[in-house]
Amino acid sequence: MNAPTTRRLTVAQALVEFLAHQYTERDGRRHRLINACWGIFGHGNVAGLGQALLESGAASRRGETPGAPVLPYLQGRNEQAMVHAAVGYARQCDRLSAHAVTTSIGPGATNLVTGAALATVNRLPVLLLPGDTFATRPADPVLQQLEVPQAGDVSVNDALRPVSRYFDRVTRPEALIPAALQAMRVLADPVDTGAVTLALPQDVQAEAYDWPEEFFADRVWRVTRPLPDADALADAVRAIRGARRPLLIAGGGVHHSEAEDALCAFADATGIPVASTQAGKGSLRYDHPADIGGIGHTGTATADALAREADLVIGVGTRYTDFTTASATLFAAPGVRFVNLNIAPFDSHKLGAASLVADARAGLEALTKELSGHRVDAAYEAGYGAAKADWERRVDAAFGAADDSVRPSQTQVLGALDALVDDTDIILNAAGSLPGDLHKLWRARSRRQYHLEYGYSCMGYEIPGAIGVRVAAPDRPVWALVGDGTYLMNPTEIVTAVQEGVPINLVLIQNHGYASIGGLSQATGGERFGTDYRFRAADGTYTGAPLPVDLAANAASLGMHVLRAATVGELRAALAEARGANRPTCVYVETETADTVPGAPEAQAWWDVPVAETATRPAAVAAREAYDRHAAGRRRHL
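These figures come from a predicted structure and were not determined experimentally.

Student: Even after reading the chapter, I still don't get the side chain of Ser257, so can you show me in this structure?
Tutor: Turning to its location among the elements, Ser257 is positioned in the loop between helix H9 (252-256) and helix H10 (260-270). According to the relative accessible area criterion, Ser257 is buried, its value standing at 4%. When near neighbours in sequence (up to four residues on either side) are disregarded, Ser257 contacts Arg26, Arg225, Asp359, Ala360 and Arg361.

Student: I would appreciate a short explanation of the sheet that holds strand E11 (residues 219-222) in the present structure.
Tutor: Backbone hydrogen bonds hold the strands of a sheet together, and the pairing may be parallel or antiparallel. The mixed open sheet is built from 3 strands, whose spatial order is E3-E2-E11. Here the strands that pair on one side only, and so sit at the sheet edges, are strand E3 (29-32) and E11. With direction set aside, neighbouring strand axes in the sheet form an average angle of 35°. Here helix H6 (residues 176-188) sits on the sheet and contacts strand E2 (22-26) and E11; the angle it forms with E11, its principal contact strand, is near 35°.

Student: Please clarify how the sheet that holds strand E9 (residues 195-201) should be interpreted in this entry.
Tutor: Strand order across the open sheet formed by 6 strands is E5-E4-E6-E7-E9-E8, with parallel pairing between neighbours. This sheet does not close on itself; its edge strands, each paired only once, are strand E5 (73-75) and strand E8 (166-169). For this sheet, the mean angle separating the axes of adjacent strands, direction not counted, is 20°. When strand E7 (residues 126-132) meets E9, the two strands line up parallel, connected through 5 bridges. Within E9, the position partnered with Val126 by the bridge is Ala195. Its contacts with the sheet place helix H5 (residues 112-122) against strand E6 (98-103), E7 and E9, and it is angled at close to 155° to E7. Where H6 meets the sheet, its contacts fall on strand E4 (34-39), E7, E8 and E9, and the angle it forms with E9 comes to roughly 160°.

Student: What's the story with the pairing of strand E23 (residues 585-590) in this structure? I'm lost.
Tutor: Along a regular strand, successive side chains alternate from one face of the sheet to the other. Counting buried residues in E23 gives 5 out of 6 residues, a clear majority hidden from the surface. Relative to E23, strand E21 (residues 505-510) is paired through 6 bridges, and the arrangement is parallel. For Val507, the partnering residue across the bridge sits in E23 and is Val587. Between the parallel pair strand E22 (residues 561-565) and E23, the chain is carried across by helix H23 (residues 568-579), and the sense of this crossover is right-handed.

Student: I'm lost on the pattern of salt bridges in this one. Help?
Tutor: Close approach of charged atoms allows side chains with opposite charge to pair. Tallied over the full model, the rule gives 38 salt bridges. Where Arg172 meets Glu174, a salt bridge forms, and the shortest distance between an N and an O atom there is 3.5 Å. Given the relative accessible area of 40%, Arg172 is considered partly exposed. The network of salt bridges with common partners includes Asp27, Arg225, Asp359, Arg361 and Glu365.

Student: Looking at this structure, I do not really get the environment of Thr102. What am I missing?
Tutor: Along the polypeptide, Thr102 turns up in strand E6. Separated by 115 residues in sequence, Thr102 and Ala217 have C-alpha atoms that sit 23 Å apart. Setting aside chain neighbours within four positions, we find Thr102 in contact with Cys37, Trp38, Gly39, Ile40, Phe41, Asn45, Leu49, Met82 and Leu129. Of note is the side chain of Thr102, whose polar atom sits 3.1 Å from the backbone oxygen of Leu129.

Student: I'm lost on unusual backbone geometry in this one. Help?
Tutor: Among all residues except glycine, the phi angle is most often negative; among peptide bonds, the trans geometry is most common. The amide bond that connects Asp140 to the next residue, Pro141, takes the cis arrangement and shows omega of 10°. Relative to the helices and strands, Pro141 is located in the loop between E7 and E8. Positive phi values are uncommon outside glycine, yet Asp27 reaches one of about 55°. The residue Asp27 is located in the loop between E2 and E3 in this model. The partly exposed category is assigned to Asp27, whose relative accessible area is 37%.

Student: What's the story with helix H3 (residues 79-92) in this structure? I'm lost.
Tutor: Since there are 3.6 residues in each turn of an α-helix, residues three or four apart along the chain are aligned in direction. Between its first and last C-alpha, H3 extends 20 Å over 14 residues, near the 20 Å set by a 1.5 Å rise per residue. By the criterion of burial, H3 is predominantly enclosed, with 14 of the 14 residues buried. Between a side-chain oxygen at the N-terminus of H3 and the backbone nitrogen of Gln80 the separation is 2.9 Å; the capping residue is Asn78. Of the residues trailing H3, Asp94 is marked for its positive phi of about 60°.

Rules of the game
- Along each chain, the written sequence defines residue order, and numbers are assigned to residues from 1.
- It should be noted that, the model being predicted, local features are given only for residues of pLDDT at least 70 and side-chain atom pairs only at 80 or more, the latter also being counted only at that level, while totals for whole chains, interfaces and linings use all residues.
- Remark: hydrogens and water are excluded; side-chain values derive from all non-hydrogen atoms of the structure.
- Strands are runs of DSSP state E lasting at least two residues, helices are runs of H or I lasting at least four, and both sets are numbered from the N terminus onward.
- Buried, partly exposed and exposed residues are distinguished by accessible area as a fraction of the type maximum, computed with a 1.4 Å probe on protein chains only: under 20%, between the cut-offs, and over 50%, respectively.
- Here, two residues are considered to be in contact whenever any of their heavy atoms come within 4.5 Å of each other.
- At least two bridges found by DSSP between two strands are what make those strands a pair.
- Every axis corresponds to a line fitted to the C-alpha atoms, with the helix fit spanning only the stretch in contact, and the corresponding angles, defined between N-to-C directions, vary from 0 to 180 degrees.
- Clockwise travel from the first strand over the helix to the second, with the strands pointing away from the viewer, marks a crossover as right-handed.
- Each salt bridge in this description consists of a side-chain nitrogen of Lys or Arg and a carboxyl oxygen of Asp or Glu lying within 4 Å of one another.
- Polar contacts here mean pairs of N or O atoms no more than 3.5 Å apart (in protein, one a potential hydrogen donor and the other a potential acceptor; neighbouring residues in sequence count only if both atoms are side-chain atoms).
- How far a helix is expected to stretch is found by multiplying one less than its residue total by 1.5 Å.

In structure tokens:
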């Protein structure tokens, strides 16, 4: 009997080779699971993974087609930003393909934590490969080692445990085999996916081992479409048929499952209106008769009014964050019930729902079939149709500007962009006041056009996230919408976009501070304390003149082509020029602080941000009175 063949490689070389042979497959289409590796090198990974990537040909073979036995390398500037870029890529690829990120030990590794949390909160796959301190401990401590007197096996990488869906420290070469297989299992599982961390001690990375050839064989991780249980499906159908005012909430799971067409068919057949979370927006085109826009704290007046009166809420691929439920105050009808279609049992059971555990597309198709002939009352359909039309007129008014020579508001910036883009454009944002405006106002034209990272709402995500999206979708224009506060958090990957020739478009909005938190501070009795970028005034507060920073000049210094727009007319021209550019381009605009977002007090959905229970300042006293009134409307759905 022939002895099994082996190959002698270092642990790092073996891992690179292994990753090159991992695939996902769904609906008969195969995708490379780990399609590239971002990296910043230091003493903890330069001679391990760095050498392995070089030896594999990553530097010279980046342009090869997917499936080639090599792991392409991408150079980043900030470890957190590299994870953001990987997350943007994975989301655009419907979680079927992902990137790895390697760092040295010490600060390089701990800089991964925020990005890892973002990936896991949003349930998006990314493989983290931080270097670690010596497993053999020839010198103790080594540079950047955290010494823990009561535990010799702890390193800074343990900070990644709570934000990773899977974590392992590979302290022996042969331990890589089960660790790597478990890592791939989690990355490819739509229920368990998120950040996966394999901590790699620097000495182990460089250690050689005789690897079985089977470890490097092509391996396919099938992403299945589980069907709903027949009894659970029957319960859901009965609930829907018995509802007079049903409402469907589309979450990110609709996009991840590529279930948009199935949702459209469901809405066409039943007439049930469809609202969307931040992650689910664009599940229906904005002009579909059943699409009523965003829901919750940043939702449309139409969607929130229907939510308050709904007797049945059908959640599809949503995890019901507090923004969606208006901190448990939005679904106010007596006896309101829930049906949740979700591939994750954890989410499908929320709000005391009738649980339908299944893939979103498979579940919607099953519901549509079983509901054949059922449609909501014509008066209900006509009512929400009229409300939708009225809302669109209000959006038109907000987007427009009476005079092209005036400085635009933030809403008018969105209006100018809305008038320019087509189905191919992708709009990306994460934090500040823009997520609320976009959720309420943006007219999503196609699947994956609307890219909001709002699970973690991480300032600094937008620029690297846009790079990851453009790498995944090289033929689609990508717009990163960024406020000045977010820009100052993480502009470093502009250099990466320039170096790699990734032509992202950056719309940089200058409003001299944290506008969103300023408004929240005002509403909660904080009187905008510490939220403006201004000089100190005589009383010690930051209420003086705006700081003389020039963010446009900063972007230009990092290699971006910059277009300045002072008026609405100049903004339209600059956006059009940026869309036609073939290099990273920034449109810089200072906006009016007074905005024109449509909405009425009765349409505003609450968000629970606790207010000081005792205070002497009148603003805080008034804010607490308002808080108590809103909090009284909270309910538990059991």
